[in-house]
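Results of the structural survey
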Amino acid sequence: CTQQKNLQNTNLSNMDSGNLVELEHAIGYNGNYLDTVHYHPELPNMIVYNIGGLIVIEDINDTHNQAFLRYHDMPISALTVSATGNLIASGQVGSDRSREREAPVIVWDFNSKKPIFKFTTMREKVTTLKFSPDDRFLAGIGANNVFIIWDCQDGSAIYTKNTEQPRHTLAWGPITKQGRYPSYTLISAQQTGVIVHNLDFDIGSMTYIIRPENCQLPSSGLVRSYTHSVCDPDGQTFYACTTGSEFCVFNLSAKVFKSSIPTSSNGLLCLVPMDDFLFAGSGDGKVKKLQRVDGKFILQAECQLEGRVASLSLSSDRKELLCGTSEGLIYRVLTSDLSNMVHAESATGPVKDISFGERSDRFSTIDDDGALRLWDLSEYRMIAKGASKTLNRIGGTSCCIADDETIISGWEDGFMRCFAPNGQKVWEIAN
């Protein structure tokens with residue numbers, strides 16, 4: 001059964017606040033999980049993303065303005081913001097503190113920055129979370145093959161199903177009937193098919209009844225591993241990204257497969273619709289802008305980013321995309337021509353050492369993935385990066401900033417290397 005707790009009045013710490021060190025700023029997004037970077041749907045300057053088990057709410061134009069939501073004890077693997085922007089839902093990797101690898105889901109109030117509900121049915125990892133268009137329901141999938149729909153008004157589970165095949169992705173369609181008891185459409189994709197779940201209120205039982213219907217597939221079958229899915233704005237079409245670097249198109253009215261559109265290489269990982277356009281992010285680091293014309297998708301622009309494109313989110317003014325990659329980078333990408341700039345950069349591996357020099361506004365770090373970075377504290381940004389420049393990434397072990405502002409570093413291959421403040425290597429001493 002589903003366990004839920006109202007956490008609105010929960011005191012998360014019994015410690016004396018006078019003894020706590022205040023967290024001023026956090027750097028550390030790594031892009032390990034899909035769809036964990038979001039623009040706020042109503043506030044054009046606010047973004048939501050995770051750093052490990054920490055949720056960060058940040059003003060994209062003022063990096064000094066950050067708020068933090070803390071509850072998870074393991075990295076967050078699923079993160080979503082409701083269409084109104086009033087709710088946030090987060091799910092994590094299974095906890096090491098639980099024998100059953102419990103992976104809780106937390107529902108947060110965006111305005112108060114406080115948790116509202118905790119759901120504890122998932123195990124191993126929460127893979128997907130999605131709110132209904134009116135914030136009423138939250139649907140989720142767990143790595144233990146559990147598919148659940150929760151009512152966000154009281155925290156109850158209105159639908160729980162243990163599936164034989166794992167569900168890969170979820171997307172809410174349009175609200176098909178308005179009024180006191182609206183009707184909803186939720187689409188889920190698994191390896192052998194796509195299922196449309198119709199949620200209708202039953203007056204007799206005074207509960208919502210879920211009626212699943214399978215979409216019609218080609219006679220030859222359609223077997224895919226899906227990574228992400230979304231409905232177009234008019235609610236007539238369902239798009240599902242696959243590891244085969246394509247997206248499959250389904251007509252929701254007829255509940256039938258329409259076509260498969262090859263788009264990229266190394267897997268298609270995220271998709272964002274905007275009017276007649278689709279923005280696609282893939283495992284080869286490319287973001288593509290496609291226009292739908294008479295049922296065909298025509299490439300209008302593309303850009304190359306560093307790392308797999310793990311997340312794409314459209315700003316409320318529709319001028320920008322927020323893009324997170326597997327190299328720990330968050331980009332701002334213009335929807336008009338896909339020109340882009342780096343908003344934030346982080347280490348993707350464990351940080352092995354950190355050092356200040358004589359200046360209190362600069363510090364250096366070295367990580368296990370072989371990157372030495374120099375950071376500026378006044379703007380919380382990286383100003384230089386050095387690496388071992390070998391074919392294989394050699395992990396770093398230690399670093400320090402010398403009096404002349406060069407950075408001396410130690411590496412796992414036994415070398416000592418010195419870098420200038422601009423990231424250029426000055427010298428090295430072999431093992």
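Concerning the pairing of strand 17 (residues 207–214)
- In terms of strand pairing, strand 16 (residues 193–202) meets strand 17 through eight bridges, oriented antiparallel. Bridge assignment links Leu199 to a residue of strand 17, and that residue is Ile210.
- As consecutive antiparallel partners, strand 16 and strand 17 are separated by four residues, and within that stretch Met206 has a phi angle of approximately 55°, a positive value.

With respect to the environment of Gln216
- When you line up the elements, Gln216 lands in the loop between strand 17 and strand 18 (226–231).
- Gln216 gets classed as exposed once you look at its relative accessible area, which sits at 53%.
- Each C-alpha atom, one on Gln216 and one on Phe201, is 26 Å from the other, the two residues being 15 residues apart in sequence.
- For Gln216, the residues in contact, after removing those within four places along its chain, are Lys255, Val256 and Phe257.

Some points on the nonpolar core
- Grouped together as the largest cluster of nonpolar side chains are 18 residues, with contacts concentrated most on Val105, Met122, Leu129, Leu138 and Trp150.
- Among the secondary structure elements, those contributing two or more residues to this core are strand 7 (87–92), strand 8 (105–109), strand 9 (114–119), strand 10 (126–131) and strand 12 (146–151).
- The residues touching Val105, leaving out its near neighbours within four places in the chain, are Ser90, Gly91, Phe117, Lys118, Phe119, Met122, Val126, Leu129, Leu138 and Trp150.
- Grouped together as the second largest cluster of nonpolar side chains are 16 residues, Ala301, Cys303, Leu321 and Tyr331 included.

Thoughts on the side chain of Thr128
- Position of Thr128 among the secondary structure elements: in strand 10.
- Polar side-chain contacts of Thr128 include one of 3.5 Å to the backbone oxygen of His168.
- The contacts of Thr128, once residues within four sequence positions are left out, are Ala78, Ala139, Gly140, Ile141, His168, Thr169 and Leu170.

Digging into the sheet that holds strand 29 (residues 340–345)
- Taken together, four strands build an open sheet; the order of strands is 26-27-28-29 and the sheet is antiparallel. The outermost strands of the open sheet, each flanked by one partner alone, are strand 26 (309–314) and strand 29. Recorded for the sheet is a direction-independent mean angle of 25° between the axes of neighbouring strands.
- Alignment of strand 27 (residues 320–325) against strand 28 (residues 329–334), held across five bridges, turns out to be antiparallel. For Glu320, the partnering residue across the bridge sits in strand 28 and is Leu334.

Looking at unusual backbone geometry
- The backbone of Asp294 sits at a positive phi, close to 50°, despite the residue not being glycine.
- Relative to the helices and strands, Asp294 is located in the loop between strand 24 (286–293) and strand 25 (296–304).
- Its identity is not glycine, yet Leu338 carries a phi of approximately 65°, on the positive side.
- Mapping Leu338 onto the fold places it in the loop between strand 28 and strand 29.

Topic: the pattern of salt bridges
- Tallying each qualifying case throughout the model produces 20 salt bridges.
- Of the charged contacts, one joins Glu246 and Arg224 as a salt bridge, the two residues approaching to 2.3 Å between their closest N and O atoms. In this pair, Glu246 sits in strand 20 (residues 246–251) while Arg224 sits in the loop between strand 17 and strand 18, placing the two residues 22 residues apart along the sequence.
- Judged by its relative accessible area of 10%, Glu246 falls in the buried class.
- Look at Arg224 and you get partly exposed, because its relative accessible area is 24%.

Thresholds applied
Residues numbered from 1 in each chain as written. Predicted model: local features only at pLDDT ≥ 70, side-chain atom pairs only at ≥ 80, totals over all residues. Heavy atoms only, no water. Pairing = 2+ DSSP bridges. Helix = DSSP H or I, 4+ residues; strand = E, 2+ residues; numbered from the N terminus. Buried < 20%, exposed > 50% of the residue type's maximum accessible area, 1.4 Å probe, protein only. Contact = heavy atoms within 4.5 Å. Core = buried A, V, L, I, M, F, W, Y, C linked by side-chain atoms within 4.5 Å. Polar contact = N/O pair within 3.5 Å; in protein donor to acceptor, adjacent residues only side chain to side chain. Axes fitted to C-alpha atoms, helices over the stretch in contact; angles between N-to-C directions. Salt bridge = Lys/Arg side-chain N within 4 Å of Asp/Glu carboxyl O.

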